[in-house]
Amino acid sequence: MRSDRRGQAAAVIPVSGELTLASAPSFCRAVLAHLAAGASNLTVNLESVKIVDVVGLAAILEAVGHAERRDARLSVLPSPVVYRALLEAELLGEIPLLADAPLEPGFAAAPPERSSAPAYVARTRRLGLRQPTWEELGLFARWAGEPLLDQMVGSELLYRCRHLGPYHPDFAAFVLGDPVSVTLVVEPLDPPHPPVGFVRLYEVHLAQQFAFLETALADLHFIRRGWGVDATRLFLAFGCDVLGLQRVEAKVYGYNVLSSNSLKRGGFHLDGVLRQARVYNGERWDINVFSILGDEMREQRGKEQFPHMGFWEPADVAP
């Protein structure tokens, strides 16, 4: 640690390669260690970061707030990838930057190609949620070809997969390293079974603390066994802890009664109706808009007794 020109204790935290769900915990530990050591002026050097996802951005935003609550200042030196991600996530006004990073038209980051299955980011006795591996992107192609899933969910993610293919760089980045969404596969553990679908938080607005939810299971058998309800509840706890979400919204086609009932079982409330906003089987149908708020998500997680999943201690995170 050194002192800056004003005599304040200063420190630099270098991050290289990626700042994602896989590496965010170590980044947060580094921030905490420097603050505990008395640093009052932190610089996070991200000039070498080539991959950043929404969890990495959440870690940066939360680190800024964490430093402020300790009367310290945290600034970021971004790479072009990080700058573009902050732009897409509407965080450029929320993160103190030491410099802008000029962008070239069409510049985008390549997604990570992890072959070994990552650890579960959230799990219960029945199921686990984790990032898909590179090879498992092929599962999305299979799910994208399920007519019933398309009719019931109408997933933008599966639409892209259907038209780009699972290993197209744009689709792979959309699943594995997106600045405004996080996608996890749902894997039953009791009894063990390969992934049966996915959960996704998309259009994540970290500064405003809200996002949209998508739960997609590939077979009615798995839906009727309650995997979707259980996965959604667990995923919402993850969203609260890791992304700091205080509102999550879900849209359901009027004819998809099963999903509407599942959301109600999960603590969601019907906010309103988008009248005749969906064409299905030659008829126009409503889209029902559901939401769940932070207090309601915390009430649900209390019933389930989920452990804390965030990278900071609960007392260190602003409500």
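Residues numbered from 1 in each chain as written. Predicted model: local features only at pLDDT ≥ 70, side-chain atom pairs only at ≥ 80, totals over all residues. Heavy atoms only, no water.

Novice: Hey, could you go over the sheet that holds strand 9 (residues 210–217) for me, with residue numbers and the actual values?
Specialist: In space, the eight strands of this open sheet follow the order 5-6-7-8-9-10-12-11, with mixed pairing throughout. The outermost strands of the open sheet, each flanked by one partner alone, are strand 5 (122–123) and strand 11 (269–280). Relative to strand 12 (residues 283–293), strand 11 runs antiparallel, the two sharing eight bridges. Within strand 12, the position partnered with valine 273 by the bridge is asparagine 288. (Pairing = 2+ DSSP bridges. Helix = DSSP H or I, 4+ residues; strand = E, 2+ residues; numbered from the N terminus.)

Novice: Now, about helix 3 (residues 80–88): what can you tell me, with residues and values included?
Specialist: Along helix 3, the residues classified as buried are Val81, Val82, Tyr83, Ala85 and Leu86. Residues of helix 3 that are buried in the fold lie against strand 3 (41–52), helix 2 (54–69) and strand 4 (73–78). Taken from the residues just after helix 3, glutamate 90 is the one with a positive phi, measuring 55°. (Buried < 20%, exposed > 50% of the residue type's maximum accessible area, 1.4 Å probe, protein only. Contact = heavy atoms within 4.5 Å.)

Novice: Describe the pattern of salt bridges, naming the residues involved and giving the relevant values.
Specialist: Side-chain pairs of opposite charge can arise where the charged atoms are in close proximity. Using the criterion set out here, one finds 13 salt bridges in the structure. The partner of arginine 200 in a salt bridge is glutamate 214, with the nearest N and O atoms 3.4 Å apart. Here glutamate 214 lies in strand 9 and arginine 200 lies in strand 8 (residues 197–205), a separation of 14 residues in the sequence. The exposure classification of arginine 200 matches that of glutamate 214, with both residues buried. When the shortest N-O distance is used, the salt bridge between arginine 247 and glutamate 249 registers 3.0 Å. Exposure remark for arginine 247: the relative accessible area of 26% places this residue in the partly exposed category. (Salt bridge = Lys/Arg side-chain N within 4 Å of Asp/Glu carboxyl O.)

Geometric values such as these leave the question of function open.
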